[in-house]
Amino acid sequence: MLVNFVYCHPVGHMIEALHYCHGYHRASPRLRIGLAVNAATPVELATLCPYIDDVYPVALDLLDPAPDLGALDQIPAGWDWVVDDDRGHQGPQRAIFPGLGAYYDRAGERFAAGGSVVGMAGAPPPRYSAGEQFRLSLPGPALASARQRLRDAAPGGGPRIGVLPAGSGPRGDYPSLRSWRLVLTALTRRWPQAVFCLVGKLHQDGRTATSFGRAELDELAASVPSSVDAVDLPLIDELAVVAECDVFVSPHSGFGMAALAVGTPWLSIAGNLWPEYYFNGVPFYSVLPDVRRFPAFTGLGPAPEPVD
């Protein structure tokens, strides 16, 4: 089967795609699974899922009503089943991303002509096992390196708190530097021996990047007694650091879904455009602001009016 999950490129959408592959694998362990995803997603995460046999990166301009669909021709036809991301068939999504609609229309025609049964991800056919606890299988060397990094920072032990101060959206969607200092000060007061593991991605390579700047991250590191800088590590190594943490603290970010996928509880500073909804058998808690002072959850609607 082919899980045809070409959508926007943030990390969380890759986690969604891998979770669907896992559900089909759990229902039919001998099923050969291919995965098509946006080429700008972190496709290397598929290497942590041994039941995925082939990955097809698709370069696609979602905003172009007549996009170049040459990458679609690189995906072989003749699958027994092809399951799409449902957003490619939703009117509001297709209105915002006309290139998405063009891709799924062409893909549906191509795969149906090759004899495939075309459906939606997360439902049969083929058989699908919903509600499965999904884990990324991190490599041993990456985990060993992460443990050593944390031991070097805090030889005496203590809670390990992963911190991602911002996602990849506009900087104003996330807590200010002053707000983060208040949060970290409160955590330090409660757990004086805590080591804070700062994660994120500043490198600009066409994928998503963290909206905080280097200077802001350095200020946060200087505001706590003990910290580890894991910013701009290769993604799998950075996830290994998060896997070794006791909790992951961040605003809404697809990387939070990746933290849950490596078994680390997520404490979300919630209240920007999107709610947290990834139920994966790992504790998470969304700290909601006072929405009278911090308007929130507009999703695809217009941004709320600024407040003081």
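Residues numbered from 1 in each chain as written. Predicted model: local features only at pLDDT ≥ 70, side-chain atom pairs only at ≥ 80, totals over all residues. Heavy atoms only, no water.

Engineer: Would you mind showing me how to read the overall build of the protein here?
Structural biologist: When helices and strands are tallied, the protein shows 8 helices and 11 strands. Taking 2.2 N^0.38 as the reference for a compact globule, 308 residues should give roughly 19 Å; the C-alpha atoms of the protein span a radius of gyration of 20 Å, in line with that estimate. Overall size of the protein, expressed as C-alpha extent along the three principal axes, is 65 × 45 × 30 Å. Evaluated residue by residue, the protein yields a buried proportion of 48% over its 308 residues. Long-range pairs, those at least 24 residues apart, make up 67% of the contacts in the protein between residues at least 6 apart in sequence. Within the structure as shown, the protein displays about 14,200 Å² of accessible surface, and the carbon and sulfur contribution to it stands at 56%. (Helix = DSSP H or I, 4+ residues; strand = E, 2+ residues; numbered from the N terminus. Rg over C-alpha atoms; globule rule 2.2 N^0.38 Å. Buried < 20%, exposed > 50% of the residue type's maximum accessible area, 1.4 Å probe, protein only. Contact = heavy atoms within 4.5 Å. Areas by Shrake-Rupley, 256 points an atom, 1.4 Å probe, with all protein chains shown as cover.)

Engineer: Please clarify how the pattern of salt bridges should be interpreted in this entry.
Structural biologist: Close approach of charged atoms allows side chains with opposite charge to pair. Across all of its chains, the model carries 15 salt bridges by this definition. Of the charged contacts in the structure, one is a salt bridge between Arg32 and Asp54, with a shortest N-O distance of 2.4 Å. A residue pair is termed long-range when its members are at least 10 positions apart, and Arg32 in the loop between α1 (11-27) and β2 (33-38) and Asp54 in strand β3 (residues 52-58) qualify at 22 residues. Asp54 gets classed as partly exposed once you look at its relative accessible area, which sits at 24%. Asp218 is the partner of Arg214 in a salt bridge, and the nearest nitrogen-oxygen pair spans 3.2 Å. Taken together, the residues span about one helical turn, with Arg214 and Asp218 both in helix α6 (residues 214-222) at a distance of 4 residues. Residue Arg214 is classed as partly exposed on the basis of its relative accessible area of 34%. According to the relative accessible area criterion, Asp218 is partly exposed, its value standing at 40%. What you see here is one network of salt bridges that share partners, running through Glu16, Asp85 and Arg87. (Salt bridge = Lys/Arg side-chain N within 4 Å of Asp/Glu carboxyl O.)

Engineer: What is the right way to look at the sheet that holds β2 in this model?
Structural biologist: Picture the strands of a sheet paired through backbone hydrogen bonds; they go either parallel or antiparallel. Spatial ordering of the open sheet is given by β3-β2-β1-β4-β5, a layout of 5 strands whose pairing is parallel. Strands with a single pairing partner mark the edges of an open sheet, and in this sheet they are β3 and β5 (117-120). Between one strand axis and the next, the sheet turns by 20 degrees as a mean value, whatever way the strands run. Sheet topology note: the strand β1 (residues 2-5)/β2 ladder contains 4 bridges and is parallel. In the sheet register, Val3 faces β2, and the bridge partner there is Leu35. On the sheet, α1 packs against β1, β2, β3, β4 (81-84) and β5 and is oriented at approximately 165 degrees with respect to β2. Sheet contacts for helix α3 (residues 98-113): β1, β2, β3, β4 and β5; angle to β1, the most-contacted strand, approximately 165 degrees. (Pairing = 2+ DSSP bridges. Axes fitted to C-alpha atoms, helices over the stretch in contact; angles between N-to-C directions.)

Engineer: Help me understand the sheet that holds strand β7 (residues 195-198), please; the structure alone is not making it clear to me.
Structural biologist: Within the open sheet, the 6 strands sit side by side as β8-β7-β6-β9-β10-β11. Their pairing is parallel. Looking along the sheet, the strands with just one partner apiece sit at the ends: β8 (227-229) and β11 (284-287). For this sheet the average axis-to-axis angle between neighbouring strands, irrespective of direction, equals 20 degrees.

Engineer: Help me understand the environment of Trp180, please; the structure alone is not making it clear to me.
Structural biologist: Secondary-structure assignment places Trp180 in helix α5 (residues 177-190). Put simply, Trp180 and Leu220 are 40 residues apart on the chain and 7.5 Å apart in space, counted from C-alpha to C-alpha. Beyond its immediate chain neighbours, meaning those up to four positions away, Trp180 contacts Val163, Leu164, Pro165, Pro175, Phe212, Leu220, Val249, Ser250, Pro251 and Ile269. Polar contacts involving the side chain of Trp180 include one to the main-chain carbonyl oxygen of Pro165, which spans 2.9 Å. (Polar contact = N/O pair within 3.5 Å; in protein donor to acceptor, adjacent residues only side chain to side chain.)

Engineer: Looking at this structure, how should I read the side chain of Thr188?
Structural biologist: The residue Thr188 is located in helix α5 in this model. On the accessibility criterion, Thr188 (15% relative accessible area) is buried. Within the structure, Thr188 has its side chain in polar contact with the backbone oxygen of Leu184 (distance 2.8 Å). Among residues more than four places away in sequence, those in contact with Thr188 are Phe196, Val224 and Pro225.

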